[in-house]
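# Residue-level structural notes
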Amino acid sequence: MWRSGLRQRVKELQMILPPPSFLPPSPSPTHHLSLTKKPLLGLANASPCSAVTMSTTTNNLDEIFKQKRVLRSKVRKSLKAIDPSLRSQEDDAIQSLVSEAAWFKSSQRLCAYITCYALREVDTSKLLSQILQNTTKDGSAQNAKKLYVPRVEDKNSHMRMLNISSMDDLIANSMDILEPAPVDQHGNAREDVMLANDPVDLFLLPGLAFDKSGRRLGRGGGYYDTFLRKYQDLARERNWRQPLLVALSYSLQIIDDGAIPVTLNDVPVDVLVSPAGVIPISQAALNRMQI
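Residues numbered from 1 in each chain as written. Predicted model: local features only at pLDDT ≥ 70, side-chain atom pairs only at ≥ 80, totals over all residues. Heavy atoms only, no water.

### Quick look at the overall build of the protein chain
Note the cut-off: Under the DSSP-based scheme used, a helix requires at least four consecutive residues in state H or I and a strand at least two consecutive residues in state E, with every element numbered from the N terminus. We call a residue buried when its accessible area falls under 20% of the maximum for its residue type, exposed when it is over 50%, and partly exposed in between, using a 1.4 Å probe and counting protein chains only. Any two residues whose heavy atoms approach within 4.5 Å are treated as being in contact. Note that accessible areas follow from Shrake-Rupley with a 1.4 Å probe, and for residues the cover is restricted to the protein chains shown.
Scanning the protein chain from terminus to terminus reveals seven helices and 15 strands. Evaluated residue by residue, the protein chain yields a buried proportion of 49% over its 291 residues. Across the protein chain, every contact between residues at least 6 apart in sequence was considered, and the portion connecting residues at least 24 apart equals 73%. Surface exposure of the protein chain reaches about 14,200 Å², of which carbon and sulfur atoms provide 49%.

What follows is the structure, encoded as structure tokens:
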């Protein structure tokens, strides 16, 4: 269903990272997905913001998109095979790690996804409840966090992040995915994070596969990559500190470094959180984690 969006991205891209050569094996549902490949940039110990660019052709891009489709299929099969009890345990572990992280506790404005269980995304329900109920003991909102969640506008990678104050602000869209209505119960337009006066501290991001060098494989729509690039541009224009990009991942979604083919349109993450722990990737992440 995303083919038209991907073809549009092909037309827009001029420069990409060189594609890896890999042969995906059949993944085990209880282990990390492992791929035999040639790393693109040797980024295991490098900042994900580092980039080497080179000229390419549409054929190169078609091959990269084909590799991504193959990898998505492998990961989806693994996610379908995961034991529900194991998945629940990993959901709890991941949310606990985020909840106790200094960079989460100190954040005041966040963008986070609403879990779609049909897509087998890492659960965020406890984190969202904590964010929305983050008030002082006397009931004031002095230390409350402000939350923005995604609303998909069309099939052309156009997504907005709108403010909500309660889970009751969410409605199911045509794909039965919860998202905020464009107006609140009083008929007022919800605040769009791109029009907010203050910067976002961090994003909690979903995905299909990740590696420890910061690469993220989405589901093919380009919604998050497109939105993140726009927000990063806005932060630079306003001289704001860039938000921390935090990806939430089940154990089996973490694959070999360099095995995820990428283009310059793919935005790397700063932090990867799995049941095994919090993995800082960028220098910004190291600074925010105070280690």
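### Points about the pattern of salt bridges
Rules: Every case where a carboxyl oxygen of Asp or Glu lies within 4 Å of a side-chain nitrogen of Lys or Arg is listed as a salt bridge.
By the definition in use, this model includes twelve salt bridges. Ionic pairing is found between glutamate 153 and arginine 151, a salt bridge with its closest N-O pair at 3.3 Å. Residue arginine 151 is classed as buried on the basis of its relative accessible area, which comes to 15%. Where aspartate 192 meets arginine 160, a salt bridge forms, and the shortest distance between an N and an O atom there is 3.1 Å. Here arginine 160 lies in strand 7 (residues 159-164) and aspartate 192 lies in the loop between strand 9 (178-180) and strand 10 (202-205), a separation of 32 residues in the sequence. Given the relative accessible area of 11%, aspartate 192 is considered buried. Ionic contacts of the salt-bridge type, sharing partners, join the residues Arg151, Glu153, Arg160, Glu179 and Asp192 into one network.

### Brief notes about the sheet that holds strand 13 (residues 244-248)
Rules: Any two strands between which DSSP finds at least two bridges are classified as paired. Only C-alpha atoms enter the line fits that serve as axes; for helices the fit covers just the stretch in contact. Angles between N-to-C directions range over 0 to 180 degrees.
One open sheet holds the seven strands; their spatial order is 7-6-5-10-13-14-15, and the pairing between them is mixed. At either margin of the open sheet sits one strand with a lone partner, and together these are strand 7 and strand 15 (277-280). Each adjacent strand pair in this sheet contributes to an overall mean axis angle of 25°, direction not counted. Pairing analysis gives four bridges linking strand 10 to strand 13, with the strands arranged parallel. Paired with leucine 205 across the strands is alanine 247, a residue of strand 13. Across the face of the sheet, helix 3 (residues 84-100) comes into contact with strand 10, strand 13, strand 14 (271-274) and strand 15 while running at roughly 135° to strand 14. Across the sheet, helix 6 (residues 223-237) touches strand 6 (146-152), strand 7, strand 10 and strand 13, and the angle it forms with strand 7 is around 75°.

### A closer look at the nonpolar core
We apply this condition: Side-chain atoms within 4.5 Å link the members of a nonpolar core, which is a set of buried Ala, Val, Leu, Ile, Met, Phe, Trp, Tyr and Cys residues.
Counting 64 residues, the largest nonpolar core has Trp103, Met161, Phe203 and Leu248 as its most contacted members. No other element matches helix 6, which puts seven residues into this core.

### Details of the environment of glutamate 153
Basically, it comes down to this: The term polar contact refers here to a pair of N or O atoms within 3.5 Å; inside protein, the definition further demands a hydrogen-donor-capable atom paired with an acceptor-capable atom, and it admits residues adjacent in sequence only when both atoms are side-chain atoms.
Its location among the elements puts glutamate 153 in the loop between strand 6 and strand 7. For glutamate 153, a relative accessible area of 31% corresponds to the partly exposed category. As for glutamate 153 and tyrosine 223, which are separated by 70 residues in sequence, their C-alpha atoms are 9.9 Å apart. Among the polar contacts made by the side chain of glutamate 153, one reaches the side chain of arginine 160 at a distance of 3.4 Å.

### Points about the environment of proline 275
Summarising the element assignment, proline 275 is placed in the loop between strand 14 and strand 15. With 24 residues separating them along the chain, proline 275 and serine 251 place their C-alpha atoms 6.5 Å apart. What proline 275 contacts, discounting residues up to four positions off in sequence, is Glu90, Ala93, Ile94, Leu97, Ser249, Tyr250 and Ser251.

### Section: unusual backbone geometry
We note that serine 157 has phi near 65°; this positive angle belongs to a residue other than glycine. Note on placement: serine 157 falls in the loop between strand 6 and strand 7.

### Quick look at the packing of aromatic side chains
Stated precisely, the cut-off is as follows: Planes of paired rings set the category: under 30 degrees apart is stacked, over 60 is edge-to-face and the rest tilted, where pairs are Phe, Tyr or Trp rings (Trp by its six-membered ring) whose centres lie within 6.5 Å. By definition here, charges over rings are those cases where NZ of Lys or CZ of Arg is within 6 Å of the ring centre and within 35 degrees of the ring normal.
Inspection of every chain in the model, using the stated rule, returns two aromatic pairs. Following the ring pairs from residue to residue traces out a cluster consisting of Phe203, Phe227 and Tyr231. Looking at lysine 145, its charged tip hangs above the ring of phenylalanine 104, at a distance of 5.2 Å from the centre.

### Quick notes on the confidence of the model for the protein chain
For clarity, the threshold we go by: pLDDT measures the predictor's confidence residue by residue and takes values from 0 up to 100.
Residues with a pLDDT of 70 or more make up 77% of the protein chain, whose mean pLDDT is 82. In the predicted structure, residues 1-32 sits below a pLDDT of 50 and forms 86 contacts with residues beyond four places in sequence or in another chain. Counting interchain partners and residues more than four positions distant, the pLDDT-below-50 stretch residues 135-139 has three contacts.

### Focus: the packing of helix 3 against helix 5 (residues 125-132)
For clarity, the threshold we go by: Angle categories: roughly parallel below 35 degrees, roughly antiparallel above 145, roughly perpendicular from 65 to 115, and oblique for all the rest. Classification convention: Asp, Glu, Lys, Arg as charged; Ala, Val, Leu, Ile, Met, Phe, Trp, Tyr, Cys, Pro as nonpolar; all other residues, Gly among them, as polar.
Closest axis-to-axis distance for the helix 3/helix 5 pair is 9 Å, and the angle between their directions is 30°. Judged on the interaxial angle alone, helix 5 and helix 3 are roughly parallel. Together, Asp92, Gln95, Val98 and Ser99 of helix 3 and Ser125, Lys126, Leu127 and Gln130 of helix 5 make up the contact between the two elements. Among the residues forming the contact of helix 3 with helix 5, the class breakdown is two nonpolar, four polar and two charged.

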